Structures are given as structure tokens and as C-alpha cells.
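# Inside the fold
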Amino acid sequence: MLAKQLSIFLENKSGRLTEVTEALGEAGVNLSAMSIADNSDFGILRCIVSDPDKAYQVLKAAGFALKVTDVIGFTCPNTPGSLAVVLKYLSDNGVFIEYMYSFSQGDYANVVIRPTDLQACDKLLEQKKVDLIAANDLYKL
């Protein structure tokens, strides 16, 4: 089940992340999950939001460089080795993951991945009966 993720490119300077979160907050868009990766010149804020289309419009209008990417969300037990089981399904079948981020909520962990082959990954996870998160549910976490 594919969901929309925003990737926002931010200069490495104080206040840029605040500007993003303020713009989203003022527009009534909630952040469900996020990850930041950086290098010496800029960072990439990857996030799942409650309304990806609205967030895109708001941030584009505010002058941010961003793109929308499809990702896959799934849930696994929040116990040692549970994530390894799912990742082994993928690696054993040649599915490469470009990046991943996760967050736990009590007994379960929510995981967001960006595989190189979205359709093959989605199909494999369904076959293995991994608990996929529907886009609308991911946006509400």
C-alpha cells in the first residue's frame, strides 16, 4: 500500500526546520513521522503528513524546494528481531531499500521504507502477510 511522503530540501541554517513546521501548523497539516538526513550544505526532511497535497501546496508557496515520493508503511511487533524478519523477506527476494525510518508505539513499531521497486516490494509484503499500513492510516499516526 503506497503512501505519499514529502522530501523537503533545507539549507543547513538555523530556523529552516522551524519555518517548515510553522507553515504546516498554520495550514492545519499535522506531521505524523519525519526523518532528517544532512550533508555539509543542506538537509533533506522526509515526512509523512496528514494532508500531503495541501502540505505540498503550502510549502511550495512558501518557497521550499520539495518533491512527493511514494513509500510503503508497515507495522511489526516492537520486539527484538521482528524488523529483521521483514527485512530478510525483502533481501532474500532482491528488494533494495533506499532508506527507511521507523517509530514505535507501545507494542508495535511503524516502519516507512522507500524500496527501489515499489510494486515488487508491496506485492512481496502482502504475500508474506506483513501488516501494511494504508496511506490514510499512516497519515493519521
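In the block above lies the structure referred to throughout.
Residues numbered from 1 in each chain as written. Predicted model: local features only at pLDDT ≥ 70, side-chain atom pairs only at ≥ 80, totals over all residues. Heavy atoms only, no water.

This part covers a nonpolar patch on the surface. A cluster of nonpolar residues, Leu17, Met34 and Ile36, forms a patch on the protein surface that exposes about 260 Å² of accessible area. Inspection of the secondary structure assignment puts Leu17 in helix α1 (residues 16–26). (Patch = residues over 30% accessible without salt bridge, like charges linked within 9 Å, V, L, I, M, F, W, Y side chains within 5 Å. Areas by Shrake-Rupley, 256 points an atom, 1.4 Å probe, with all protein chains shown as cover. Salt bridge = Lys/Arg side-chain N within 4 Å of Asp/Glu carboxyl O. Helix = DSSP H or I, 4+ residues; strand = E, 2+ residues; numbered from the N terminus.)

To continue, consider the pattern of salt bridges. Where charged atoms from two side chains of opposite charge come close, those side chains can pair. For the coordinates displayed, the defined rule picks out 4 salt bridges. As a salt-bridge pair, Asp70 and Lys4 come within 3.0 Å of each other at their nearest N and O atoms. Of this pair, Asp70 sits in strand β4 (residues 65–77) while Lys4 sits in strand β1 (residues 2–11), and the two are 66 residues apart along the sequence. Classification of Lys4 by relative accessible area gives partly exposed; the value is 35%. Note that Arg16 and Glu11 form a salt bridge whose closest N and O atoms lie 2.6 Å from each other. Through salt bridges that share partners, Glu11, Arg16 and Glu19 make up one connected network. (Buried < 20%, exposed > 50% of the residue type's maximum accessible area, 1.4 Å probe, protein only.)

Let us look at the packing of α1 against helix α2 (residues 52–61). Axis separation between α1 and α2 bottoms out at 10 Å; the angle between their running directions is 125°. Classified by the angle between their axes, α1 and α2 sit oblique to one another. Every pair of crossing elements has a handedness; the one defined by α1 and α2 is right-handed. Only Ala55, Val58 and Leu59 of α2 make contact with α1, whose side of the interface consists of Val20, Ala23 and Leu24. Tallied by class, residues from the contact of α1 with α2 come to 6 nonpolar, no polar and no charged. (Axes fitted to C-alpha atoms, helices over the stretch in contact; angles between N-to-C directions. Parallel < 35°, antiparallel > 145°, perpendicular 65-115°, else oblique. Left-handed = near helix turned anticlockwise from the far one by under 90°. Contact = heavy atoms within 4.5 Å. Nonpolar A, V, L, I, M, F, W, Y, C, P; charged D, E, K, R; others polar.)

Interpretation note: all reported values are geometric properties and have no functional meaning in isolation.
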